[in-house]
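# Descriptive analysis of the structure
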Amino acid sequence: MNYVIIGGGTAAVGCVEGIRALDREGNITLLAAEPYPVYGRPLISYLLEGKTTEEKMLRYREPSWYEENAVTLLHRRAVGVDSGARTVALDDGSALPYDRLCIATGSRPFVPPMDGMDTVANQTSFMTLDDAKHLEEMLGAGKDKKVLIIGAGLIGLKCAEGILERCASLDIVDLAGRILPNVMLPEPAGIIQAHLESKGIRFHLSDSVARFTPDTATLKSGEVLPFDVLVVAVGVRPNTELATQAGCSVERGIRVDSHSATDVEGIWAAGDCALSHDISTDTDHILAILPNAYFQGETAGRNMAGGDASFTQAIPMNASGFCGLHMITAGSYEGDTYLSREDGSYKLLVTRDDRLAGFILLGEVDRAGIYTALIREETPLSSIDFALIREKPQLMAFTRAERAKKLGGVKTW
Amino acid sequence: MKRVYVNEKWCLGCHLCEYYCAFANSGQSSMVKALKGRRIAPRIQIEERNNISFAVSCRHCTDPICVKSCISGALSIVDGAVFIDSDKCVGCYTCILTCPYGALTHSEQGAVQKCELCKTNEFGVPMCVQGCPNQAIVYEER
Ligand SMILES: Cc1cc2nc3c(=O)[nH]c(=O)nc-3n(C[C@H](O)[C@H](O)[C@H](O)COP(=O)(O)OP(=O)(O)OC[C@H]3O[C@@H](n4cnc5c(N)ncnc54)[C@H](O)[C@@H]3O)c2cc1C
Ligand code: SF4
Ligand code: SF4
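Residues numbered from 1 in each chain as written. Chains lettered and ligands numbered in written order. Predicted model: local features only at pLDDT ≥ 70, side-chain atom pairs only at ≥ 80, totals over all residues. Heavy atoms only, no water.

Further remarks concern unusual backbone geometry. All names here are of chain A. One non-glycine residue, Asp 282, adopts positive backbone phi at about 55°. Take Asp 282: it is sitting in the loop between strand 19 (276-278) and strand 20 (283-285). Here the phi dihedral of Asp 354 falls at roughly 65°; this positive angle occurs in a residue that is not glycine. Along the polypeptide, Asp 354 turns up in the loop between strand 24 (345-352) and strand 25 (355-362). Judged by its relative accessible area of 35%, Asp 354 falls in the partly exposed class. (Helix = DSSP H or I, 4+ residues; strand = E, 2+ residues; numbered from the N terminus. Buried < 20%, exposed > 50% of the residue type's maximum accessible area, 1.4 Å probe, protein only.)

Structure, rendered in structure tokens:
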């Protein structure tokens, strides 16, 4: 059996581990365009911040993992898929045959056309280890560079946190009226914004760049921001071209079912390039988060190896710190809300139809996974003591019998 | 594999398991030195309310969501038990976001800490179990 996986990210790792859970024999070839072993993509900001090193980062899976799992890592780019002949065309002109293929190509930065942007010499996106190295090089060691980041989403803010101590000033521009528009409601977004402003970051929201010169950006509002280094973190686009070429249905992402299978025989897809069914909103969209990439990849891998795995618990969820302020969010925020604010902490629980639909925690985030599990497992709130769990996440809120199962294995008494 | 199991019926709520855990992972040779005058941060924690109490620590899940979710690869499974390499951990708390038992906590060093069944300290067997006076926590194969 020849397994081929296109993409060397977390979804690919999940796929390998899924295959190897069932099949120790088949050949696995990992096609990875980046010149590194797999690394945790979110770590690039921690690298700049000095919280990890390149050496540690590249041990997302230890060097022995490739050997133990008999993975052939080929640093080549796939340029075509022929689903009839079952071959993948590589950038060196060769073709690789496959029996089962997983497309785990992730996403790429989306850079909207902006007037004068081509005149800016010192600019980068913030997606890859090479981007991080390029940024580090542009910043130098002098702490004297003025940095402008376009985009106040997760990637822009993590970049800001990573480089704050390395630059002279940091301005962030976003078209949206609040930071983290995709994962945050206005009030908690405001709390994080105020916290980041207290660390010296300046925000220019509901605004955008009208025009660049090599070292200034004139905003629509008329404000002129001088800068030395530009980071564009506006958004990402899924890498779906190979799937389209192979004949797979592609909407905003590659369409897969709960088995991570595409609608083309022999082809699975996983991670940031693929759609997920979000059970918190009952809608299909891309959930560009690392755990989801693993879950989809692992599901693909098990099914590629002849198993029968399905992944039916996808929800948006995020854990992140911003200059010491921790944020954990999950699910959707449509429904009845329970809000509490206590000394610097913010906590919002959202319920709908006897279920926990979503939550936002800032500051105090201990044991948040107990909440996340209620959403993922769609636990009826009438089956637990909701008043207790609202107070704080705790197993005390479950029935004695349920607790016995959770803490005593299968044994009940 | 042997795991730590809890029988809440026998739990006295005495918190001795927490103290034994904190001591076992302190690197100190005497319990007094390790704990006296300090706020402890054990990896096993008692939940208590009215007359119910029980201890919660990592279940060493057979299909651990924390390991799959970890952004740095700091969490891994070795012979069925789940370990953390605090050197690789960047303190993002994605594992805290996903663990259904609330079994990981932040540590003072910035990383996350969890029960490793005392396999990485000098004791080798779970000290919480040794310390429990009423066998409300046991270490066994089920
Ligand atoms: C700065 C930053 C911070 C983030 N922070 C978080 C966070 O805190 N928590 C979280 O959950 N998520 C976070 N994310 C998102 C997370 O990194 C992604 O969801 C995850 O990496 C997706 O994994 P993937 O395997 O699908 O894709 P990727 O990690 O993008 O991997 C895809 C790989 O495939 C390669 N590839 C693409 N096309 C080809 C081809 N044709 N041939 C060969 N190789 C190809 C690419 O080069 C890439 O290496 C962050 C992302 C960024 C950029
Ligand atoms: S930390 Fe939580 S999810 Fe991970 S193995 Fe332990 S109980 Fe399971
Ligand atoms: S806090 Fe550490 S162990 Fe937990 S997910 Fe993040 S890097 Fe992994």
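All names here are of chain A. Strand order in the open sheet formed by 3 strands is 4-5-6, with antiparallel pairing between adjacent strands. Looking along the sheet, the strands with just one partner apiece sit at the ends: strand 4 (78-82) and strand 6 (95-97). Along the sheet, successive strands turn relative to each other by an average axial angle of 25°, direction set aside. Relative to strand 6, strand 5 (residues 87-90) runs antiparallel, the two sharing 3 bridges. (Pairing = 2+ DSSP bridges. Axes fitted to C-alpha atoms, helices over the stretch in contact; angles between N-to-C directions.)

All names here are of chain A. The strand order across the open sheet built from 3 strands is 13-14-15, with neighbouring strands paired in antiparallel fashion. The outermost strands of the open sheet, each flanked by one partner alone, are strand 13 (209-213) and strand 15 (224-226). With direction set aside, neighbouring strand axes in the sheet form an average angle of 20°. As paired elements, strand 14 (residues 216-219) and strand 15 share 3 bridges and run antiparallel to each other. Residue pairing for strand 15: Thr 216 is matched across the bridge by Pro 226.

This part is about the domain arrangement of chain A. Residues and elements named next belong to chain A. Domain boundaries in chain A define domain 1 (2-108 + 237-304), domain 2 (117-234) and domain 3 (326-406). The C-alpha centroid of domain 2 is placed 30 Å from the C-alpha centroid of domain 1. Across the boundary between the two partners, domain 1 contributes 16 residues, which contact 15 residues of domain 2. Counting each side, the surface lost to burial between domain 1 and domain 2 is near 1,300 Å², with a carbon and sulfur contribution of 63%. The tally of links from domain 1 across to domain 2 stands at 1 salt bridge. Between Lys 133 and Glu 54 there is a salt bridge, and its shortest N-O distance comes to 3.1 Å. Linking domain 1 with domain 2 are 8 residue pairs in polar contact (both at pLDDT 80 or more), by the criterion used here. Listed by contribution, the elements that provide at least two residues to the side of domain 1 that touches domain 2 are helix 2 (43-49), helix 3 (54-57) and strand 8 (107-110). (Domains from an automatic or database assignment. Contact = heavy atoms within 4.5 Å. Buried area = accessible area lost by both parts, 1.4 Å probe. Salt bridge = Lys/Arg side-chain N within 4 Å of Asp/Glu carboxyl O. Polar contact = N/O pair within 3.5 Å; in protein donor to acceptor, adjacent residues only side chain to side chain.)

Residue and element names in this part refer to chain A. For the coordinates displayed, the defined rule picks out 7 aromatic pairs over all chains. Consider the rings of Tyr 36 and Tyr 39, whose centres lie 6.2 Å apart with planes at 85°: the pair is edge-to-face. Judged by its relative accessible area of 12%, Tyr 36 falls in the buried class. Judged by its relative accessible area of 5%, Tyr 39 is buried. Between the aromatic rings of Trp 65 and Tyr 66, the centroid separation amounts to 4.9 Å while the plane-to-plane angle is 85°, which identifies the pairing as edge-to-face. In terms of burial, Trp 65 and Tyr 66 fall into one category: buried. Its guanidinium or amino end placed over the ring of Phe 322, Lys 158 lies 5.5 Å from that ring's centre, counting from NZ or CZ. The aromatic ring of Phe 398 is capped on one face by Lys 406, whose charged end is 4.5 Å from the ring centroid. (Phe/Tyr/Trp six-rings, centres within 6.5 Å; stacked < 30°, edge-to-face > 60°. Lys NZ or Arg CZ within 6 Å of the ring centre and 35° of its normal.)

The share of residues in chain B with pLDDT of 70 or more is 100%, and the mean pLDDT across the chain is 93. Of the two predicted TM-score estimates for the complex, the pTM is 0.97 and the ipTM is 0.97. (pLDDT = per-residue confidence, 0-100.)

With that out of the way, let us pick up the site of ligand 3. Taken together, Cys 70, Ser 72, Leu 75, Ile 84, Cys 89, Val 90, Gly 91, Cys 92, Tyr 93, Thr 94, Cys 95 and Val 112 of chain B make up all the residues around ligand 3. For the shell around ligand 3, the class distribution of residues is 9 nonpolar, 3 polar and no charged. (Near = heavy atom within 4 Å. Nonpolar A, V, L, I, M, F, W, Y, C, P; charged D, E, K, R; others polar.)

Glancing now at the site of ligand 1. Residues and elements named next belong to chain A. Around ligand 1 sit 33 residues, and of these Glu 34, Arg 41, Ala 78, Asp 272 and Leu 290 come closest. Side-chain polar atom of Glu 34 to an oxygen atom of ligand 1: 2.6 Å apart, as the coordinates give it. Taken by itself ligand 1 offers 990 Å² of open surface, and the protein chains cover 95% of this. Elements with a minimum of two residues in the shell around ligand 1: helix 1 (10-22) and helix 9 (290-304). Take the shell around ligand 1: its biggest share by element is 3 residues, from helix 9. Taken together, the residues of the shell around ligand 1 break down into 19 nonpolar, 9 polar and 5 charged. Both of domain 1 (2-108 + 237-304) and domain 2 (117-234) provide at least three residues apiece to the shell around ligand 1. (Areas by Shrake-Rupley, 256 points an atom, 1.4 Å probe, with all protein chains shown as cover.)

To continue, consider the interface of chain A and chain B. Each side of the interface is counted separately: chain A has 46 residues, and chain B has 39 residues. Across the chain A to chain B interface the summed buried area is about 3,700 Å²; carbon plus sulfur atoms make up 59%. Viewed at the interface, chain B and chain A are joined by 6 salt bridges. With its nearest N and O atoms 2.6 Å apart, the salt bridge here joins Arg 403 of chain A to Glu 8 of chain B. Where chain A meets chain B, there are 18 residue pairs in polar contact (both at pLDDT 80 or more). Mapped onto the side of chain A that touches chain B, the elements with two or more residues apiece are helix 2, helix 9, strand 21 (317-322), strand 22 (325-331), helix 10 (369-376) and helix 12 (400-407) of chain A.

Before going further, it helps to spend a moment on the side chain of Arg 367 of chain A. Topologically, Arg 367 of chain A is positioned in the loop between strand 25 and helix 10. Since its relative accessible area comes to 12%, Arg 367 of chain A is described here as buried. A distance of 3.3 Å separates the side chain of Arg 367 of chain A from the backbone oxygen of Gly 102 of chain B, its partner in a polar contact. Leaving out residues up to four positions away in the same chain, Arg 367 of chain A has contacts with Pro 393, Gln 394 and Leu 395 of chain A together with Glu 47, Val 56, Ile 96, Tyr 101 and Gly 102 of chain B.

Turning next to the nonpolar core. Nonpolar side chains tend toward joint burial in soluble globular proteins. All names here are of chain A. Counting 147 residues, the largest nonpolar core has Ile 5, Leu 135, Ile 163, Leu 170, Ile 192 and Phe 359 as its most contacted members. When near neighbours in sequence (up to four residues on either side) are disregarded, Ile 192 contacts Ile 179, Leu 180, Met 184, Phe 322, Leu 325, Met 327 and Leu 362. By size, the runner-up hydrophobic cluster in this structure holds 22 residues, among which are Ala 78, Ala 246, Ile 267 and Ala 269. (Core = buried A, V, L, I, M, F, W, Y, C linked by side-chain atoms within 4.5 Å.)

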